[in-house]
Every structure is written in structure tokens, then in C-alpha cells.
Amino acid sequence: MSLTLGDETTEVFLSIKGKKDDVDDEMKDFLAYIENSTDTCVQQTSSPLVKAIHKRVTEIKLDKNMELQYMTLLQMQGGI
């Protein structure tokens, strides 16, 4: 489903639980990854986009400096 916003942009709504078969395989793999972002999910995909996203997510999770920045951001927003 898409919604024209009247300012030359279009908003697209996607559901990881959608039943229609109206998106390409790469989008299906991406939505599957959003739902289940595990190493196993990535091993089962042929999508270079999903593999690249997962690689970067893994790098960020292992980066202690990034963890500190995230915790600081949460504190500033009152999240913890």
C-alpha cells in the first residue's frame, strides 16, 4: 500500500506479517531480517543488502565505544 502525500513524496507501508506476494525477493528477505535479525536468517538469504546490514549491525554491537555512546544517549533522553 502506498499513500501519496501531495508534496512529490510517497510513503510506503510494509508489514513483516503481510500475506500479499507483491514485493520482490530482496524485499521479502529484508522484511524477514527485520523480524528475525539473526546469523541463521542471514545464512539463509542471498540478499547482499541483508548481509551488509547484518555485518554492520554486528560490528556496532561489538564496538564498546558505540555501546557507551548509546547508553549516554539513553541517559540524555531519560530512557534509563
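Computed from a prediction, not measured in an experiment: that's the story for all the values here.

What counts and what doesn't
Residues numbered from 1 in each chain as written. Predicted model: local features only at pLDDT ≥ 70, side-chain atom pairs only at ≥ 80, totals over all residues. Heavy atoms only, no water. Helix = DSSP H or I, 4+ residues; strand = E, 2+ residues; numbered from the N terminus. Expected span 1.5 Å × (residues − 1). pLDDT = per-residue confidence, 0-100. Salt bridge = Lys/Arg side-chain N within 4 Å of Asp/Glu carboxyl O. Buried < 20%, exposed > 50% of the residue type's maximum accessible area, 1.4 Å probe, protein only. Contact = heavy atoms within 4.5 Å. Axes fitted to C-alpha atoms, helices over the stretch in contact; angles between N-to-C directions. Parallel < 35°, antiparallel > 145°, perpendicular 65-115°, else oblique. Nonpolar A, V, L, I, M, F, W, Y, C, P; charged D, E, K, R; others polar.

Engineer: I'd love a proper account of helix α4 (residues 64–76), names of residues and values included.
Structural biologist: A rise of 1.5 Å per residue sets the reference length of α4, with its 13 residues, at 18 Å; its end C-alpha atoms lie 18 Å apart and thus fit the reference within 8%. Immediately downstream of α4, the backbone of G78 shows phi near 75°, a positive value.

Engineer: Run through the confidence of the model for the chain, naming residues and quoting values.
Structural biologist: This prediction gives the chain a mean pLDDT of 86; 92% of its residues lie at or above 70. Per-element averaging of pLDDT across the chain places strand β1 (residues 2–4) at the bottom with 65 and helix α2 (residues 39–43) at the top with 94.

Engineer: An account of the pattern of salt bridges is requested, with residue identities and associated values reported.
Structural biologist: What the rule picks out here adds up to 6 salt bridges. Close ionic contact of K28 with D21 constitutes a salt bridge, the shortest N to O distance being 2.2 Å. Using a relative accessible area of 32% as the deciding quantity, one classes K28 as partly exposed. Judged by relative accessible area, which is 62%, D21 ranks as exposed. Between E67 and K64 there is a salt bridge, with the nearest N and O atoms lying 3.6 Å from each other. Highlighted residues: E67 and K64, both in helix α4, separated by 3 residues, approximately one helical turn.

Engineer: Account for the side chain of H54, with residues named and values stated.
Structural biologist: Within the fold, H54 resides in helix α3 (residues 48–62). Residue class for H54 comes out buried when judged on its relative accessible area of 10%. With sequence-adjacent residues up to four places away left out, H54 is seen in contact with Y33, S37, T38, D39 and V42.

Engineer: A description of the packing of helix α1 (residues 25–35) against α3 should follow, citing residues and the corresponding values.
Structural biologist: It is the contact of α1 with α3, at a shortest axis distance of 9 Å, that shows an interaxial angle of 25°. Between α1 and α3, the angle is such that the two are roughly parallel. Contacts between α1 and α3 involve E26, D29, F30 and Y33 from the first element and P48, L49, V50, I53, H54 and V57 from the second. Each residue belonging to the contact of α1 with α3 can be placed in one class, and the counts come to 7 nonpolar, 1 polar and 2 charged.

Engineer: Tell me about the environment of S47, and name the residues and values.
Structural biologist: With respect to the helices and strands, the residue S47 is situated in the loop between α2 and α3. In sequence terms S47 and L31 are 16 residues apart; their C-alpha atoms lie 11 Å from each other. If near-sequence neighbours (up to four positions away) are discounted, S47 is found in contact with E26 and D29.

Engineer: Break down the side chain of T45 for me, with residues and values.
Structural biologist: Inspection of the secondary structure puts T45 in the loop between α2 and α3. Here T45 is in contact with D29, V50 and K51, once residues within four sequence places are set aside.

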